[in-house]
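Listed here are the chains, written in short residue letters.
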Protein chains: 2
Amino acid sequence: MIRNVYSKECPCRGLLDMVASRWTALVIGDLEDGPRRFSELKKRLEGISQKMLTQTLRTLERDGLVTRTVYPSVPLRVEYELTELGRSVTEPLAALRSWAQRNYETVAEARETFDKAEPVGAEPATAR
Amino acid sequence: MIRNVYSKECPCRGLLDMVASRWTALVIGDLEDGPRRFSELKKRLEGISQKMLTQTLRTLERDGLVTRTVYPSVPLRVEYELTELGRSVTEPLAALRSWAQRNYETVAEARETFDKAEPVGAEPATAR
DNA sequence: CGGTATCCGCCATGATACTG
DNA sequence: CAGTATCATGGCGGATACCG
């Protein structure tokens, strides 16, 4: 087997996309402290649609990172919890979230500088 | 400022999307060992289109993670290199790539099991 | 409560052609 | 070599309605 994200055929590239994808990193992060109900997750992940939350959770369940447990009470109650495999990816993801939170102001400044220097049509014939 | 990826308005969420996005993780990873030319990157990141490579590099440059240096030789030569900010994110990204490479077979098995258990219309009236 | 089903717009991405 | 420009498209993701 290939086991190399730089190889075109290696399926692990798809896996990298998956765990790094927008909502996955947030869902997993929110499950770090323990099981959560569907509605709890929806409330805490501001801006996620019901559809995307369902879809994200299904993918995570299918991939073995999360378990889904139904308690047939009335009203229905469903809890999601990280598996051991799921817990094994929390650290790298937490590091990434933390990096984003620590550095977004620096990045915002870099953007300003960059955009000021290149107002699209300025400096005629600047090679690019 | 908010500094919380779980908040809808916090711009750091967009930054998380950026560094976690498909090609970004691979480009940054390949720049870990030192500067690279455009064509080198293109060769090493199997399957990336010229357009996506350019776009990814532009974004990284604009966000201050990468520098772009033009050597006006003939033929033209352009080198990309990580900035200090860029280097600060290599570790979490490497951890994520490594996780994907270590675990994709486990995940593949989990998928098989899951798909076998739920052939869409089986087990009539299984609550879901 | 915790979903599924359907419709649909829009943008990310790829393919192709051309340029300095 | 290292791009830019343009066009085509597929699927991501939101909105809405309905179900057990």
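Look a little higher up for the structure.
First things first, this report covers the structure right here in the doc. (Residues numbered from 1 in each chain as written. Chains lettered and ligands numbered in written order. Predicted model: local features only at pLDDT ≥ 70, side-chain atom pairs only at ≥ 80, totals over all residues. Heavy atoms only, no water.)

**A closer look at the relation of the copies chain A and chain B**
Right, on to step 1. Once turned by 180° and shifted 0.0 Å along the axis, chain A lies on chain B with an RMSD of 0.0 Å. Taken together, the rotation angle and the small translation identify this as a two-fold axis. (Least-squares fit on C-alpha atoms with pLDDT ≥ 70 in both.)

**So, unusual backbone geometry**
In most cases, non-glycine residues show a negative phi, while peptide bonds are predominantly trans.
Right, on to step 1. A cis amide bond links V74(A) with the next residue in sequence, P75(A), at an omega value of 0°.
Right, on to step 2. You can see P75(A) is positioned in the loop between β2 (66-71) and β3 (77-82). (Helix = DSSP H or I, 4+ residues; strand = E, 2+ residues; numbered from the N terminus.)

**Things to note about the protein's contact with DNA strand C**
Right, on to step 1. Taken together, 17 residues surround DNA strand C, and among them Q50(A), R68(A), Y80(A), K51(B) and M52(B) come closest.
Right, on to step 2. Put simply, 62% of the atoms of DNA strand C that lie within 4 Å of the protein are in sugar or phosphate.
Right, on to step 3. Contact distances for DNA strand C include 3.4 Å between a phosphate oxygen and a backbone N or O atom of V78(A).
Right, on to step 4. In this structure, Y80(A) approaches DNA strand C through a side-chain N or O atom, which is 2.7 Å from a phosphate oxygen.
Right, on to step 5. Elements with a contribution of two residues or more to the surface near DNA strand C: α3 (38-44), α4 (50-62) and β3 of chain A together with α4 (50-62) of chain B.
Right, on to step 6. A class-by-class count of the residues in the surface near DNA strand C yields six nonpolar, four polar and seven charged. (Near = heavy atom within 4 Å. Polar contact = N/O pair within 3.5 Å; in protein donor to acceptor, adjacent residues only side chain to side chain. Nonpolar A, V, L, I, M, F, W, Y, C, P; charged D, E, K, R; others polar.)

**Side note on the packing of helix α2 (residues 22-30) of chain A against helix α1 (residues 12-20) of chain B**
When two helices pack together, you describe them by how their axes are tilted relative to each other and by the distance separating the axes.
Right, on to step 1. One can describe the packing of α2(A) onto α1(B) by two numbers: an axis separation of 9 Å at closest approach and a directional angle of 115°. If you check the angle between α2(A) and α1(B), you find them roughly perpendicular. Between α2(A) and α1(B) the crossing geometry is right-handed. When α2(A) is examined against α1(B), the residues R22(A), W23(A), A25(A) and L26(A) are found in contact with a partner set consisting of R13(B), L16(B) and D17(B).
Right, on to step 2. The class makeup of the residues in the contact of α2(A) with α1(B) is four nonpolar, no polar and three charged. (Axes fitted to C-alpha atoms, helices over the stretch in contact; angles between N-to-C directions. Parallel < 35°, antiparallel > 145°, perpendicular 65-115°, else oblique. Left-handed = near helix turned anticlockwise from the far one by under 90°. Contact = heavy atoms within 4.5 Å.)

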